[in-house]
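In case you want the letters, here they are:
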Amino acid sequence: MMTFQQIKNILNDKSPKSVEELAYRAAQTTRQYFGRAISLYGPLYLSNFCSSHCTYCGFNSHNKIQRMKLEPEEYRREMQFLHTQGIRNILMLTGESYKHTPVSYLKESALIASEYFQGIALEVCPMETSEYKELFAAGVDGITVYQETYDRARYAQVHLSGYKKDYDFRCATPLRAAQAGMRQVSLGILLGLSDVVNDVYALYQQLSELEKSFPGVEYGVSFPRLRTVKTASLATCDVDDVQFVKIIALTRLLFPRVAISLSTREAPKLRDHLLEIGITRISAGSNTSVGGYTLLEEKAQDPQFDIKDDRSVNQIVQLLKAKNFDPVFTDWRHIENSL
Amino acid sequence: MTDTPLVIAGKTFTSRFLLGTGKFKNKKDLSDSIIACGSQLVTVALRRIDLERHQENILEHIPSHITLLTNTSGARNAQEAVRIARLAKASGCGNWVKIEVINDSKYLLPDNHETIKATEILAAEGFVVLPYISPDLYTARALVKAGAATVMPLGSFIGSNQGLKTKEFIQVLINEIDLPIIVDAGIGAPSQAAEAMEMGADAVLANTAVATAQNSAVLARAFALAVEAGRMAYLSGLPPQQGIANASSPLTGFLYDDLPAN
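## Re the confidence of the model for chain B
- For chain B, the mean per-residue pLDDT works out to 90, and 94% of the residues sit at or above 70.
- In the model output, the complex is listed with pTM 0.84 alongside ipTM 0.76.

As structure tokens, then:
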């Protein structure tokens, strides 16, 4: 592992030569470990009920938006739509509400999802190890949880109430998911919330510790940049494209086998270039509203964040092929999970 | 010079080069490479087979005369490997299975212990089992007992292109194990494949190097030729390498100092 100072020096050196060199090495590493395969997944928002007040999020409990939770017949329709688009790996998301989306609800949605998808991951409120075990047994293979920032003071400023206010419980979530047997655990920070170098370094440390403690887990990382929805900008540390590229490249060099995903928040041009450098997993045909695929008219939707890349699954596939990438829909075959 | 063909579980193969199918940039490169190298045994990860989508289904791009060797990539223990193998068979992928049990996503080293357990179960169920292992004599002996069809020791870290870092240990398996030894993982250049064959390995498997080459089909062909050349060299009774020049007898030459010259 690099020292904090080494990481700081690399990320703060914005000379075009250093950026290019770093990107070149990262691209070579990515090709060696992943070839030109890019995994595709589809996000499915099940509910936007949320008990947490996170000042940067469109779903936060204080925002006056239409609250919805999909019933089984509704999310089945959404799943069928994603399935017909070719999606085989699904990431199901909810707001942070145990009350509206308890483990029983998530288990049922996982069981129905297993009729359509080979890989099932959840991005929901942090849970106990025993609850993750139940979800694993119901067919969930992966857990995504973003710490958002490792800066405790800043964390407290932007997470004002609800489950998410508990920094330590959230920070230990990847560990609990790994303990429960999950195959994939994805971590992330919300770039722009706090000092970028501090956050990136802390994320690397956590990832290194997890790799040692639970080597059998396939880890993933993501670096969403702070975007706002119907609220004022909150970014304190804007991360420009140059620094963003360096973060992706450095992550690839330090963690050669870790999946790095990129969300639809990023503009197509940047997204396309980052595929060459280090991204190995992307969402496609994404809609970040509950019921956004088949149930709601676009104007009636309240997305969690605005999407900059609204290309369809088929468009993404054609683009990947045109750039000599192999779009991978199936990266896991669903088997019975047991510990 | 005549050679006996490679026989695995009673099936004869004239090619001693196995190709893996991961990491190719498109399906055409993959099928071109399979044809170019003449491989008759090709590995496919079950996790990458999409049976519902014909264009994207990797099996659609593998010629029908090729023997399919499904691997259990993603299995973290014997139980999962067994489930994946059974699922592969039920999905119509046949009963040839390469056991990969990897519980380390950083180094991707195989878990020999769990591999033995999975081999025992699957061989008893009638699968043709080709287990992938870190080269270790005791493991290999246990695999023979468990009913493995071959032993597949790694040359170096998977995908590393580093060649035969485990050469001495693989040589022990070649010397001691009466099953075909197929060197797998880390073989990054035809010269490395030839080296393994010169040592007496029965076959070589490569994937990353071919898949990530600028011209995959050409490199696949080069690998096949190197494997053939290495095999010929082995059969020729290749003279061993000498560590030092051997022109005189510096230690014992004095014994003959007083003998009359002819």
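Read on, since the account is not over.
## Remarks on the interface of chain A and chain B
- With 28 residues of chain A at the contact, the number on the chain B side is 26 residues.
- The set of elements that each furnish at least two residues to the side of chain A that touches chain B consists of α2 (16-34), β8 (218-222) and β11 (326-328) of chain A.
- For the side of chain A that touches chain B, the element with the highest residue contribution is α2 of chain A, accounting for 4 residues.
- Residues that form the side of chain A that touches chain B fall into these classes: 11 nonpolar, 6 polar and 11 charged.

## Structural notes on the packing of helix α2 (residues 78-90) of chain B against helix α3 (residues 112-124) of chain B
All names here are of chain B.
- Between α2 and α3, the shortest axis-to-axis distance is 8 Å and the interhelical angle comes to 40°. Put simply, α2 runs oblique to α3. As α2 runs across α3, the sense of the crossing is right-handed. Contacts from A78, A81, V82 and A85 in α2 reach E114, K117, A118, I121 and L122 in α3.

## Concerning the sheet that holds strand β4 (residues 41-45) of chain B
- The 8 strands are arranged β8-β7-β6-β5-β4-β3-β10-β9 (chain B) in an open sheet whose pairing can be described as parallel. Two strands close off the open sheet at either side, each with one partner strand: β8 (152-153) and β9 (182-184) of chain B.

## Notes on the packing of helix α6 (residues 190-199) of chain B against helix α8 (residues 216-235) of chain B
All names here are of chain B.
- Interhelical geometry of α6 versus α8 gives an angle of 25° and a closest axis separation of 7 Å. Taken together, the axes of α6 and α8 are roughly parallel relative to one another. Crossing angle aside, the handedness with which α6 passes α8 is right-handed. Contact with α6, carried on its side by P190, S191, A193, A194, E195, A196, M197 and E198, involves A222, F223, A226, V227, A229, G230, R231, A233 and Y234 of α8 and no other residues of that element.

## Thoughts on the nonpolar core
- Counting residues in each nonpolar core, the largest one holds 91 residues, and the members touching the most others are L40, I90, M182 and I248 of chain A.
- Per-element accounting of this core gives the leading share, 7 residues, to strand β1 (residues 37-47) of chain A.
- Dropping the residues within four chain positions of it, M182 of chain A is found in contact with Y132, F136, D141, G142, I143, A177 and V217 of chain A.
- One finds A45, I158, L164 and I181 of chain B within the second-largest nonpolar core, a separate group that totals 80 residues.

## Remarks on unusual backbone geometry
All names here are of chain B.
- Its identity as a non-glycine residue notwithstanding, L108 has a phi of 55°, on the positive side.
- Here L108 shows up in the loop between β6 (96-99) and α3.
- A positive phi angle, near 60°, is found at N161, a position not held by glycine.
- Its place among the elements puts N161 in the loop between β8 and α5 (167-176).
- We classify N161 as partly exposed; it has 17 C-beta atoms within 10 Å.

Rules of the game
- Residues numbered from 1 in each chain as written.
- Chains lettered and ligands numbered in written order.
- Predicted model: local features only at pLDDT ≥ 70, side-chain atom pairs only at ≥ 80, totals over all residues.
- pLDDT = per-residue confidence, 0-100.
- Contact = placed C-beta atoms within 7 Å.
- Helix = DSSP H or I, 4+ residues; strand = E, 2+ residues; numbered from the N terminus.
- Nonpolar A, V, L, I, M, F, W, Y, C, P; charged D, E, K, R; others polar.
- Axes fitted to C-alpha atoms, helices over the stretch in contact; angles between N-to-C directions.
- Parallel < 35°, antiparallel > 145°, perpendicular 65-115°, else oblique.
- Left-handed = near helix turned anticlockwise from the far one by under 90°.
- Pairing = 2+ DSSP bridges.
- Core = buried A, V, L, I, M, F, W, Y, C linked by C-beta atoms within 7 Å.
- Buried ≥ 20, exposed ≤ 12 C-beta atoms within 10 Å, placed from the backbone.

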